[in-house]
Amino acid sequence: MRVVRHPQDTAQELDSELEPAIRMEEEREVELQVEEDSEAGRETEIPPPQLAEPGTQGIIRGRDLFGYVGIEAVLDQMRRKTMKAGFEFNIMVVGQSGLGKSTLVNTLFKSKVSRKSCTPSYEEKISRTVHLKSVSHIIEEKGVKMRLTVIDTPGFGDQINNENCWDPIVKYINEQYEKYLTEELHITRKRRIPDTRVHCCVYFLPATGHRLRPIDVEFMKRLGKIVSIVPVIAKADTLTMDERLDFKQRIRQDLQASGIRVYPQKEYDEDVEDRIRNDKIRENIPFAVVGTDKEHQVNGNKVLGRKTKWGIIEVENVAHCEFANLRDLLVRSHLQDLKDVTHYIHYETYRVRRLNESNASVSGLSALPLENGITEKYEAQSQL
């Protein structure tokens, strides 16, 4: 069957294809005219911007404006408001005892923020069950205030029988979602709802040099659906460089084979720039880290490091370990994204499931099956 196309349709398509080239040519002509008039001492008359037809969207760029409007000042307004109010960041550390969780958290924020560091007469003992304990601090840097909450999980993985040892952690995370949801559903809501939701879970893997243990696979499988997980190899200085590379490669293979979702997930990349940046991070996961809060002199400079018989392992030196990469991910480049993923994906999925359950209990219908963390970004919003 032959489709006869109307000449008018063909002309419109041709115009739309040529429009960017025509616009660039017009802009170039204006620039040349400005240069000529400037050399001759004349004032250039710039034609008014071509506005879009009614009912269509048009883009008016800075060079098309009649003068300064001040739209860019919105960023300053947002910055001032954020600096005045501050923000929250809640990080959970999970791993068996002796992997240096407290030390690494102190190293990350360069202060005594771990539960062990700020508990008087702290006594190290193995808990019979998993007890979650949190401690909060206000950290201020260059006028920016952050309320940091560190949630520790003493007792995880320390027993002979570790069956269902992740249940208290899953329960805690869901309780924080429920608390936030309850505040949202109040008729008179607080202007700023306290955010106790877990924004990131740093999971510590022992430097065995082999593969993921069954407890590691089960934990990350279950928790990866409700929170952003960042796996790290603890005390990586116990491995040689070759052992470290082989171990990281085997862990990545196990993660892929088990279908475990760790942060940053590919499906959450918003554009090409995000994908390129996150691909570099995904290539380095899990991060091989070393933590310490002690300083040593190296070439006349004070550096954080672990002193051994053979030299000093510099914590912030990327040639020695990947602590700097972990810090950049958690604080300098992806902190806000971790909060966004928590709010728009994990919490939103939990909210939809709870509202479905509530509606089903009222109408007598069965709740829609929805597993926390499985939906694509913003898919939960579209189901409301």
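What you see is a predicted model, and the numbers here were worked out from it, not measured in a lab. (Residues numbered from 1 in each chain as written. Predicted model: local features only at pLDDT ≥ 70, side-chain atom pairs only at ≥ 80, totals over all residues. Heavy atoms only, no water.)

*Asks:* Just to check I follow, could you spell out the overall build of the chain for this structure?
*Replies:* Broken down by element type, the chain carries 10 helices and 9 strands. Taken across its 384 residues, the chain has 38% of its residues classed as buried. Within the chain, contacts between residues at least 6 apart in sequence are counted, and of these 67% link residues at least 24 apart. As presented, the chain carries roughly 24300 Å² of accessible surface, and 51% of it is formed by carbon and sulfur atoms. (Helix = DSSP H or I, 4+ residues; strand = E, 2+ residues; numbered from the N terminus. Buried < 20%, exposed > 50% of the residue type's maximum accessible area, 1.4 Å probe, protein only. Contact = heavy atoms within 4.5 Å. Areas by Shrake-Rupley, 256 points an atom, 1.4 Å probe, with all protein chains shown as cover.)

*Asks:* It is not clear to me how the pairing of strand β9 (residues 311-314) should be interpreted in this structure. Could you clarify?
*Replies:* On a regular strand, one side chain projects to one face of the sheet and the next to the other, so that they alternate. Bridging between strand β8 (residues 301-308) and β9 involves 4 bridges; their strand directions are antiparallel. Considered in β9, the bridge of Arg306 is made with Ile313. The turn linking β8 back onto β9 is made up of 2 residues. (Pairing = 2+ DSSP bridges.)

*Asks:* Whenever I open this one, the sheet that holds β9 confuses me. Can you help?
*Replies:* Working definition: the strands of a sheet are paired by backbone hydrogen bonds and lie parallel or antiparallel to each other. If you trace the 3 strands from one edge of the open sheet to the other, you get β7-β8-β9, paired in antiparallel fashion. Two strands lie at the open edges of the sheet, namely β7 (295-298) and β9, each paired on one side alone. The mean inter-strand angle of the sheet, taken between neighbouring strand axes irrespective of direction, is 70°. (Axes fitted to C-alpha atoms, helices over the stretch in contact; angles between N-to-C directions.)

*Asks:* Please clarify how the confidence of the model for the chain should be interpreted in this entry.
*Replies:* Low pLDDT marks stretches whose predicted atomic positions should not be read closely. Averaged over every residue, the pLDDT of the chain is 80; the share at 70 or more is 75%. Segment residues 365-371 is flagged for pLDDT under 50; beyond a separation of four residues in sequence, or across chains, it makes 13 contacts in the model. (pLDDT = per-residue confidence, 0-100.)

*Asks:* Can you help me understand the sheet that holds strand β1 (residues 87-94) in this one?
*Replies:* The strand order β2-β3-β1-β4-β5-β6 describes an open sheet built from 6 strands, whose pairing is mixed. With one partner strand each, in any of the chains shown, β2 (133-141) and β6 (287-288) form the two edges of the open sheet. Sitting on the sheet, helix α3 (residues 101-109) is in contact with β1, β2, β3 (144-152) and β4 (200-205), with an inclination near 170° to β3.

*Asks:* Hey, could you run me through the packing of helix α4 (residues 167-185) against helix α9 (residues 335-363) in this one?
*Replies:* Helix-helix packing is described using two parameters, namely the angle between the two axes and the distance between the axes. Their axes nearest at 10 Å, the elements α4 and α9 cross at an angle of 75°. By the angle between their axes, α4 is roughly perpendicular relative to α9. Residues Asn174, Tyr177, Glu178, Tyr180, Leu181 and Glu184 of α4 pack against Thr342, His343, His346, Tyr347, Tyr350, Arg351 and Arg354 of α9. Considering only residue class, the contact of α4 with α9 consists of 5 nonpolar, 4 polar and 4 charged. (Parallel < 35°, antiparallel > 145°, perpendicular 65-115°, else oblique. Nonpolar A, V, L, I, M, F, W, Y, C, P; charged D, E, K, R; others polar.)

*Asks:* How should helix α2 (residues 73-85) be read in this particular structure?
*Replies:* The α-helix advances 3.6 residues per turn, and as a result positions three or four apart in sequence lie on the same side. When the terminal C-alpha atoms of α2 are compared, their 19 Å separation across 13 residues agrees well with the 18 Å that a helix rising 1.5 Å per residue should span. Looking at the residues trailing α2, positive phi occurs at Gly86, about 75°. (Expected span 1.5 Å × (residues − 1).)

*Asks:* Is there a simple way to explain the pattern of salt bridges in this structure?
*Replies:* It is possible for side chains of opposite charge to pair when their charged atoms get near one another. Summed over all chains, the structure comprises 19 salt bridges. Put simply, Arg306 and Asp237 hold a salt bridge, and the shortest N to O gap is 3.0 Å. One end of the pair, Arg306, is in strand β8; the other, Asp237, is in the loop between β5 (229-233) and α6 (241-257), and 69 residues separate them in sequence. A salt bridge links Glu357 to Arg354, with the shortest nitrogen-to-oxygen separation between them at 3.2 Å. Of this pair, Glu357 and Arg354 both sit in helix α9, separated by 3 residues, roughly a single helical turn. Exposure remark for Glu357: the relative accessible area of 31% places this residue in the partly exposed category. Connected through salt bridges with shared partners, the residues Glu178, Arg353, Arg354 and Glu357 form a single ionic network. (Salt bridge = Lys/Arg side-chain N within 4 Å of Asp/Glu carboxyl O.)

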